[in-house]
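Summary of the model geometry
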Amino acid sequence: MTDQFDFSLGKDCAEKLDHADVLAGYRREFFIADEKEIYLDGNSLGRLPLKTRSLLAGAIDRQWGKALIRSWNEGWYDLPKVISNKLARIVGAGEDEVIMCDSTSINLYKLVWGVLNSKPGRSRIVSDVLNFPTDLYVMQSVVNQFGGQHQLVLAPSRDGIQVDIDELDRLIDEDTALVALSHVAFKSAFMYDMQRVNDLAHSRGALVIWDLSHAAGAVRVNLSDTGADMAVGCTYKYLNGGPGSPAFLYVNKKLQEQINSPVWGWFGDSNPFAFDHQYKPAAGISRFMVGTPPILSLAAVEPGLDLLLSAGMENVREKSIRQTEYLNYLSREKLTHLGFKFGSPADFKRRGSHISLQHPEAYRICQAMINPDDDSPCIIPDFRAPDNIRFGITPLYTTFSEIHQAVARVEQIVSGKVFERYSAKRQAVT
Ligand SMILES: *Cc1c(COP(=O)(O)O)cnc(C)c1O
């Protein structure tokens, strides 16, 4: 990866980049209802892989419809492990270190509880102000349930975009049980150096839980090589698993016996079908499962993982950097004079695969992009309060030409005051 990119402003530059793109063919593997619509929100809900449609149709008709209960012994029972081992390769974990189950919030709850329970002498939890609200709520609730003896402390951010590692260095002490952070921040895309944070926490005897929701399938993650303890994440963003698809949970092999789940369910038992009265945790990662896996939603995750594995995370990250740099270049040239500010780190090494641009009229600009009232293309980014427009770059299906069109359209909306024709009234989901 070179630090130098040779971009120019014209549409021909985008076309040249698309032409040279080794991943260009992957776009054809996705369901694209309208070729003219530009989707830049794959960091919130990834597109539908075509394979998922046929796979689900078969699972419904043949497995659920025809084979019924027999399907449990014809693949369903092993499905969580089979698919989880594919996901493990995407985040650099070993076999039997990742399990897909529940939601990210629930999995985080199980692990935060497990860590506090395993470190009774330590009372501090360190996170940061850029973390996703559900993560902070989950930590607050566990603190409550442990009787309020713990304190959750949040590392500040000087600019609302990044957190300085020195702030973590200051907060993580010998009383710290847990450091829980998003690897890539949901608003700014700031990305921590996982190795440095793991080393820092470990040097003070604390454990680290990473939330990989905005990282898995977007950046190169290597949980094993960086000595990561635990992680959680969702599969409906860059992994293209579908709305509300099951989340995942990773626990380093070295810790699996030490961390207990607060929710003892039969799927976490060593032998669910013995129907024993006494719970005995399963060996390995399945002890963190709780109840019956959601087979159809789980099955729907596999095609997205297969596409990423076939494309290779190295190639995906390479293209993502090129595309986010291109978006930054165009924004710098065409949008900064219109009142836009950069809401993401300038250095791609410290950045995930989305870009936030800040503008006081961000909400109405988004509305104008999504609902054009003339023949302009529909462009779907998302809005994150108070003033961020997030552009999700998903290299498996985002093209350079789409990025070029999106920036041109934003320029037109702002310079032509098109956004003034839209209401500032917020919808429930933004
Ligand atoms: C998307 C996301 C979540 C979502 O949690 P759910 O339980 O799936 O709703 C949690 N944390 C982070 C950091 C996220 O980006």
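Residues numbered from 1 in each chain as written. Predicted model: local features only at pLDDT ≥ 70, side-chain atom pairs only at ≥ 80, totals over all residues. Heavy atoms only, no water.

Section: the site of the ligand
In the vicinity of the ligand, the contacting residues are Ser 103, Thr 104, Ser 105, Phe 132, Thr 134, Asp 135, Ser 182, Asp 211, Ser 213, His 214, Tyr 236 and Lys 237. Side-chain polar atom of Asp 135 to a nitrogen atom of the ligand: 2.9 Å apart, as the coordinates give it. One of the side-chain N or O atoms of Lys 237 is found 2.5 Å from an oxygen atom in the ligand. Burial of the ligand by the surrounding chains reaches 86%, relative to a free accessible area of 390 Å². (Near = heavy atom within 4 Å. Polar contact = N/O pair within 3.5 Å; in protein donor to acceptor, adjacent residues only side chain to side chain. Areas by Shrake-Rupley, 256 points an atom, 1.4 Å probe, with all protein chains shown as cover.)

Section: the layout of surface pockets
A volume near 460 Å³ is recorded for the largest pocket. Forming the boundary of the largest pocket are 20 residues, of which Asp 41, Asp 382, Arg 384, Val 429 and Thr 430 lie nearest the centre. Elements supplying a minimum of two residues to the lining of the largest pocket: α11 (362–370) and β12 (382–384). In terms of residue count, the dominant contributor to the lining of the largest pocket is α11 (four residues). For the lining of the largest pocket, a count of residues per class yields nine nonpolar, six polar and five charged. (1 Å grid on protein atoms, 1.4 Å probe; cavity = no way out; pocket = protein on both sides within 12 Å on 5 of 7 lines; lining within 4 Å. Points joined across faces, edges and corners; volume = space filled by probe spheres on them. Helix = DSSP H or I, 4+ residues; strand = E, 2+ residues; numbered from the N terminus. Nonpolar A, V, L, I, M, F, W, Y, C, P; charged D, E, K, R; others polar.)

A short note on a nonpolar patch on the surface
A surface patch of nonpolar side chains, about 430 Å² in accessible area, is lined by Ile 60, Trp 64, Leu 68 and Ile 69. In this fold, Leu 68 is placed in the loop between α2 (50–67) and α3 (79–90). With relative accessibility at 46%, the residue Leu 68 sits in the partly exposed group. (Patch = residues over 30% accessible without salt bridge, like charges linked within 9 Å, V, L, I, M, F, W, Y side chains within 5 Å. Salt bridge = Lys/Arg side-chain N within 4 Å of Asp/Glu carboxyl O. Buried < 20%, exposed > 50% of the residue type's maximum accessible area, 1.4 Å probe, protein only.)

Considering the sheet that holds strand β2 (residues 98–100)
Read from one edge of the open sheet, seven strands run β2-β8-β7-β6-β5-β3-β4, paired in mixed fashion. Edge positions in the sheet fall to β2 and β4 (151–155), since each has one partner strand and no second. Strand-to-strand twist of the sheet, defined as the mean angle between neighbouring strand axes without regard to direction, takes the value 20 degrees. Sheet contacts for α3: β2 and β8 (248–251); angle to β2, the most-contacted strand, approximately 125 degrees. Sheet strands in contact with helix α5 (residues 133–145) are β3 (124–128), β4, β5 (176–182) and β6 (207–211), and its direction is about 170 degrees off that of β3. (Pairing = 2+ DSSP bridges. Axes fitted to C-alpha atoms, helices over the stretch in contact; angles between N-to-C directions. Contact = heavy atoms within 4.5 Å.)

A few points about helix α4 (residues 104–118)
Between its first and last C-alpha atoms α4 spans 21 Å; for 15 residues at 1.5 Å apiece the expected length is 21 Å, and the two agree. Thr 104, Asn 107, Leu 108, Lys 110, Leu 111, Val 112, Gly 114, Val 115 and Leu 116 are the residues of α4 that are buried. Close packing links the buried residues of α4 with β3, α5, β5, β6, β7 (230–233) and β8. (Expected span 1.5 Å × (residues − 1).)

Focus: the sheet that holds strand β9 (residues 341–342)
Spatial strand order, β9-β10-β13-β12: four strands in an open sheet with antiparallel pairing. On the outer flanks of this sheet lie β9 and β12, each paired with one strand and no other. In this sheet, strand β10 (residues 354–358) lies alongside β9 in antiparallel orientation, the contact comprising two bridges. The partner of Phe 342 across the bridge, within β10, is Leu 357.

Observations concerning the environment of Val 129
As for its placement among the helices and strands, Val 129 is situated in the loop between β3 and α5. Assessed through its relative accessible area of 44%, Val 129 is described here as partly exposed. Measuring from C-alpha to C-alpha, the distance between Val 129 and Asp 164 comes to 12 Å, with 35 residues separating the pair along the chain. Not counting the four nearest positions on each side in its chain, Val 129 is found in contact with Leu 154, Ala 155, Pro 156 and Ser 157.

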